[in-house]
Each structure stands twice: as structure tokens, then as C-alpha cells.
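# Summary of structural features
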Amino acid sequence: MLTAYVGAALTGAPPEFVKGFLPLLKKKIRKIQIEVLDFIGLEAGTALVVFRHDRKCTENADICVFILDHPSTGLGMEIMLRAAAGKPALFFARRGVRVTRMLLGFLEERGIKVHRYRSAIGICRVLREHLLAQDPDYELRG
């Protein structure tokens, strides 16, 4: 089964995003036959444990799904770790949300699109289409 890591702001993001939207998104991703590698979060583990765990997930997942709705130093680090690993990632921002120009320039230089979304279902649709384009048999692996 393919693995995905969902990277997003936690520390500065509103509670409804962290405790509502992100768990919903992960649940919907699991429904399309993808194992989600979970980050530790805001309460458990030391800073070093969190860094090592999230770095491992970011570098080893088959695909990373980065949600750019809220500014985050940690998310920026995950994006750069993923880029250094040379593995695929998809980038999403809710419609109407401003994304930092530094990140937009980084993505533009690499020819990577920021997908604008309205719902978790929209993110899953793009993710599924991307995976099918890479491997038409990915759904048969489950």
C-alpha cells in the first residue's frame, strides 16, 4: 500500500484546522487506499523526537501532501526536506488564502503547481488523479 504524509501548520493554525480539518483529510485519504503516516502533533514527545519522527515521515513517504493554508516554519522545513529527498509532493492552499512568495517562487522554479481547494474531497481527488497518472494500477495494490 502506498504511504502519504500530510504536512501542515500546527502551532500557529486555528484549532478547527488542527483538530477538525486535518483529521478529516487523513480519514478521506485512507479511504482511497493510502496509508497515512501521522505526525506526532503538539502534545506528545520532545522537540527532538518530533523532529526525527516527522523528518523520517517526510523523507520516506511515497507522496507528501502539503497544506499551505497557514504559515509555519516546521512546514517549510518539511517542504525543503522533501525537496532534498527528490520525491514527489503535492501542494494545496484553500481558495483565497495567500501563500508566501518565497514558497511560490520555489515551486514555480520547479514547475510545481499549487492546487486550490474547497474541501478535503477536492484534495483527495487531485491526489488520486496524480497517483493514477504515475501508476494506473495503484488502486489494485490495496
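The following paragraphs examine the structure supplied in this document.

Among the structural elements, Phe21 can be located in helix α1 (residues 15-31). Classification of Phe21 as buried rests on a relative accessible area of 10%. Sequence spacing of Phe21 and Lys87 is 66 residues, and the spatial spacing of their C-alpha atoms is 25 Å. Among residues more than four places away in sequence, those in contact with Phe21 are Glu16, Arg94, Tyr117, Ser119, Ala120 and Ile123.

What follows covers the sheet that holds strand β1 (residues 2-8). With parallel pairing, the 5 strands of this open sheet are ordered in space as β2-β1-β3-β4-β5. Bordering the open sheet on either side are β2 (34-37) and β5 (114-117), each of which pairs with just one other strand. With strand direction ignored, the average angle separating the axes of adjacent strands in the sheet is 30 degrees. As paired elements, β1 and strand β3 (residues 63-67) share 5 bridges and run parallel to each other. Bridge pairing links Val6 to Val65 in β3. Contacts from α1 reach β1, β2, β3, β4 (89-94) and β5 within the one sheet, and its direction differs from that of β1 by about 165 degrees. Along the sheet face, helix α3 (residues 73-85) touches β1, β3 and β4 and points at about 150 degrees away from the line of β3.

Structurally, Lys26 can be placed in helix α1. Sequence separation between Lys26 and Lys56 is 30 residues; the distance between their C-alpha atoms is 18 Å. Here the side chain of Lys26 touches Asp38 through a polar contact of 3.1 Å, side chain to side chain.

Further remarks concern the packing of aromatic side chains. One pass over the full model with this rule turns up 4 aromatic pairs. Ring centres 6.5 Å apart and planes at 85 degrees place the aromatic pair Tyr5 and Phe39 in the edge-to-face group. Taken together, the positions of Tyr5 in strand β1 and Phe39 in the loop between β2 and α2 (47-60) put the pair 34 residues apart, joining distant regions of the chain. Exposure class is identical for Tyr5 and Phe39. Each is buried. Between the aromatic rings of Phe66 and Phe91, the centroid separation amounts to 5.4 Å while the plane-to-plane angle is 35 degrees, which identifies the pairing as tilted. Placement of the pair is Phe66 in strand β3 and Phe91 in strand β4, with a sequence separation of 25 residues. Here the two residues Phe66 and Phe91 agree in accessibility, since each one is buried. An aromatic cluster of at least three residues, connected via ring pairs, comprises Phe17, Phe21 and Tyr117. Sitting over the ring of Phe21, Arg94 keeps its end group 5.3 Å from the ring centre.

Calculation notes
Residues numbered from 1 in each chain as written. Predicted model: local features only at pLDDT ≥ 70, side-chain atom pairs only at ≥ 80, totals over all residues. Heavy atoms only, no water. Helix = DSSP H or I, 4+ residues; strand = E, 2+ residues; numbered from the N terminus. Buried < 20%, exposed > 50% of the residue type's maximum accessible area, 1.4 Å probe, protein only. Contact = heavy atoms within 4.5 Å. Pairing = 2+ DSSP bridges. Axes fitted to C-alpha atoms, helices over the stretch in contact; angles between N-to-C directions. Polar contact = N/O pair within 3.5 Å; in protein donor to acceptor, adjacent residues only side chain to side chain. Phe/Tyr/Trp six-rings, centres within 6.5 Å; stacked < 30°, edge-to-face > 60°. Lys NZ or Arg CZ within 6 Å of the ring centre and 35° of its normal.

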